[in-house]
Amino acid sequence: MRERKLLLIFVLILAAFAGLLNRSNGAQSAAPPQRTVAITVDDLPGAIVGNDFAMGDLKELQKINRAIPAILKSHHAWAIGFVNERKLQVQNERDARAELLEMWLDAGLALGNHTFSHADFQITPLAKYEDETIEGQVVTTALLKGIGQTDKYFRHPYLNTGPTAEAKTAFEAFLKERGYTIAPVTVEDADYVFNDVLGYAVEKKDKKMAARAKKEYLEYVDTTFDYSEGLSRDLFSREVPQVLLIHDNQLNVECLDALLTKLEHRGYKFVSLDQVMADPAYATPDHYVGNTGISWLLRWRLALGKTVNFEQGPEAPAWANKIFEQLRKERQK
Ligand SMILES: [Zn+2]
């Protein structure tokens, strides 16, 4: 009896060992490719449904900025939040709104400059756009200084990098002088479209539409990553580190956890913008001038003498775009 028991234990140990071996072999063969991405989040302290310029309700903003840094932290994901300081300037709420930014720093995340009032370089004279940049760094710089950091990255609203080659070059020199590096974007998942649809659905108490917006947003994330990974392989014969642009909004409060899990399954590790930009691909010049805020992968294609079809590339679903356009027309005046 004792021998049979010992034999059984021996067999069990063998089986467990074989299982371990199998698992490690399996993990090797099914190992996803090593990919890296930096997460960048625009429009702090919060993007409002239908209107880039609305100040937003403090309580709602508190919910957004409590949730998003916590989700990022739970995935050990570095991220940088790009700030529009105009949204801090609400009487009797200035301290409370500055605290929204501190929530990011407390979670170990970074902050950057997104102009004071989300200015569009396409329609803003250079001198005014420079003022927007200076005005947009006051609170952020002070907060960063408090933890021994500097305001390092600048993100152009609408990814509009200049209406003419002259204005673009002059502004780039201005940024350099002030110690800023331009934060590029290689993946853009139209979360602002889906966020508006979600907000609209909630207002209409349409649960089905709200669920559809979130489901199709996450599906669209895959579409946009497929696209950018493909562009990268085509241009550099490898996958370069990516920079994802999303917004500080309610949609990401509800979907960011699933989005980051999805990226982990695609083999992505979350890294800083510094790490991404150390890749030689990021030294490719950007000479693009135009009124479409295109991905840096497309800018690099142009710089390397390849054609870009501006009609191509993924689009958010037509039904969602329709609601988005309609809301913007009504509310962004
Ligand atoms: Zn923005």
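Our subject is the structure listed above.
This paragraph deals with the overall build of the protein. In terms of helices and strands, the protein carries twelve helices and eight strands. Per-residue burial over the protein gives 38% buried out of 333 residues. Expressed as a percentage of contacts within the protein between residues at least 6 apart in sequence, the contacts between residues at least 24 apart total 81%.

The next subject is helix H8 (residues 207–236). Here H8 spans 44 Å end to end across 30 residues, near enough to the 44 Å set by a 1.5 Å rise per residue. Of the residues making up H8, those classed as buried are Ala213, Tyr217, Tyr220, Val221, Thr224, Phe225, Ser228, Leu231 and Ser232. Of the surrounding secondary structure, the elements contacted by the buried residues of H8 are strand E6 (187–188), helix H7 (191–203), strand E7 (242–247), helix H9 (250–265), helix H11 (296–303) and helix H12 (318–331).

Below, the discussion takes up the nonpolar core. Core analysis: the largest hydrophobic core is formed by 68 residues, its most contacted members being Ile39, Ala79, Ile80, Val193, Phe194, Val197 and Ala320. At seven residues, the largest contribution of residues to this core is made by H9.

Take the environment of Ala190 next. Checked against the element boundaries, Ala190 lands in the loop between E6 and H7. Judged by the 21 C-beta atoms lying within 10 Å of it, Ala190 is buried. Aside from chain neighbours lying at most four places away, what touches Ala190 is Tyr220 and Ala316.

Between H7 and H9, whose axes approach to 8 Å, the crossing angle comes to 110°. What the angle tells us is that H7 and H9 run roughly perpendicular. On H9, the residues touching Asp191, Phe194, Asn195, Leu198 and Gly199 of H7 are Gln250, Leu251 and Asn252. Residue classes in the contact of H7 with H9 are distributed as three nonpolar, four polar and one charged.

Both faces of strand E3 (residues 110–113) are covered, namely the face carrying Ala110 and Gly112 and the face carrying Leu111 and Asn113. Relative to E3, strand E2 (residues 79–83) is paired through four bridges, and the arrangement is parallel. Looking across to E3, one finds that Gly81 is bridged to Leu111. Once you follow E2 into helix H3 (residues 94–106) and on to E3, the crossover reads as right-handed.

What counts, and at which threshold
Residues numbered from 1 in each chain as written. Predicted model: local features only at pLDDT ≥ 70, side-chain atom pairs only at ≥ 80, totals over all residues. Helix = DSSP H or I, 4+ residues; strand = E, 2+ residues; numbered from the N terminus. Buried ≥ 20, exposed ≤ 12 C-beta atoms within 10 Å, placed from the backbone. Contact = placed C-beta atoms within 7 Å. Expected span 1.5 Å × (residues − 1). Core = buried A, V, L, I, M, F, W, Y, C linked by C-beta atoms within 7 Å. Axes fitted to C-alpha atoms, helices over the stretch in contact; angles between N-to-C directions. Parallel < 35°, antiparallel > 145°, perpendicular 65-115°, else oblique. Nonpolar A, V, L, I, M, F, W, Y, C, P; charged D, E, K, R; others polar. Pairing = 2+ DSSP bridges. Right-handed = clockwise from strand over helix to strand, strands pointing away.

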